[in-house]
Structure formats: structure tokens, C-alpha cells
Amino acid sequence: MIAVQRLSARARLDESPVALSHARARAESGDESWEQWLADYRRGDALILRLDLTLELAGDGDEVLATSRDGFFVESHVHAPKVEQQIAEVASGDLAALAGQVARRGRDLDVHGIGAMYVHVELDPDVQRRLSARRAGEQPAEASRA
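So, a few notes on the structure that sits alongside this text.

Calculation rules
Residues numbered from 1 in each chain as written. Predicted model: local features only at pLDDT ≥ 70, side-chain atom pairs only at ≥ 80, totals over all residues. Heavy atoms only, no water. Helix = DSSP H or I, 4+ residues; strand = E, 2+ residues; numbered from the N terminus. Buried < 20%, exposed > 50% of the residue type's maximum accessible area, 1.4 Å probe, protein only. Contact = heavy atoms within 4.5 Å. Areas by Shrake-Rupley, 256 points an atom, 1.4 Å probe, with all protein chains shown as cover. Lys, Arg positive; Asp, Glu negative; His and termini not counted. Charge placed at Lys NZ, Arg CZ, Asp CG, Glu CD. Arc of directions from axis to C-beta.

A few words now on the overall build of the chain. Tallying secondary structure elements over the chain gives 5 helices and 4 strands in all. Order of helices (α) and strands (β) in the chain, N terminus to C terminus: β-α-α-β-β-α-α-β-α. The dimensions of the chain, computed from C-alpha atoms along their principal axes, are 50 × 35 × 20 Å. By residue count, 40% of the 146 residues in the chain fall in the buried class. Taking the intrachain contacts of the chain between residues at least 6 apart in sequence as the baseline, contacts between residues at least 24 apart amount to 71%. For the chain, the accessible area works out to roughly 8000 Å², and carbon and sulfur atoms hold 47% of it. With 18 positive and 25 negative side-chain charges, the chain shows a separation of 3 Å between the mean positions of the two kinds.

This part takes up the environment of A97. Counting through the fold element by element, A97 comes out in helix α3 (residues 80-104). In this structure the C-alpha to C-alpha distance between A97 and A3, which are 94 residues apart in sequence, comes to 16 Å.

Now for helix α5 (residues 125-135). Those residues of α5 lying buried are V127, R130, L131 and A133. Buried positions in α5, seen along its axis, are confined to an arc of 155° and lie on one side of it. Buried-residue contacts for α5 involve β1 (3-13), β2 (46-58), α3 and β4 (120-123).

Given below as C-alpha cells:
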């Protein structure tokens, strides 16, 4: 059995036109949850993030697998661990899919156990600044353009 050394997610702001246009298209098609995400984003109650995910395996020749996810919405919160928790919950599913790729190559890896493992979450300084601004009651300029 291959041992998992570390599961991690690094969150960066992703306010690209592509992420916003995708969200708008979903909202315009009648998806109420996307309408809510956009409304929350405009008010500064949501962030759009890019997640860089890594799965580090231990053993003969340590192996690191990586993937990214763009345009990921999370609820903004004055407590950074609340944001980290949202990221970890979603990241664990994506990391399990990454582990599935390893298992399909014939490597013995507990794919189902990945979802229950701790995911280390790192917030990029820009995300941390945005959360600090929220604590101070400031409205981010980027959100007003949505």
C-alpha cells in the first residue's frame, strides 16, 4: 500500500473574466444557486478562488501529483479557518479523484480513505488581505465590478 505523505490546497484569488462569465451564464440559465453566489460576491460575502491541489505520496521515489481548479466560490468569513474548512471539503473530493488516477495505473492506494484525511490549506496573501478587509468592514473594489 502506498502511503499518503500530504494532501494540500493553496487558495488564490481568481477574479478572472472567465470565472465571472461562467457564473453569470449559469445564473442567467435560471440556476438560483449561481444567482445567489453572484449576489454574495457583489456584496463581498463570497470569494472566487483558484485552488492548486497536491497529493504527495511516500515510498520508493516520493511522488507528487498536482491539479488545479479555477472559479471556485466560497463564502467569505471574518474567521479564516471557516474559509479554509470550505476549501478542504471541496479539495478532498478533487484529491480523491487524483488518487483514483494513481490507483487506475495499478498502484495500491486507499482512494476512499483520502476523503477522510486532513487537507492542509494555505491561503495566499491576497486572500488573507481580503479576509482582513472583511473583518475591518471594507468593501473590496473588485467585487463591485461583478
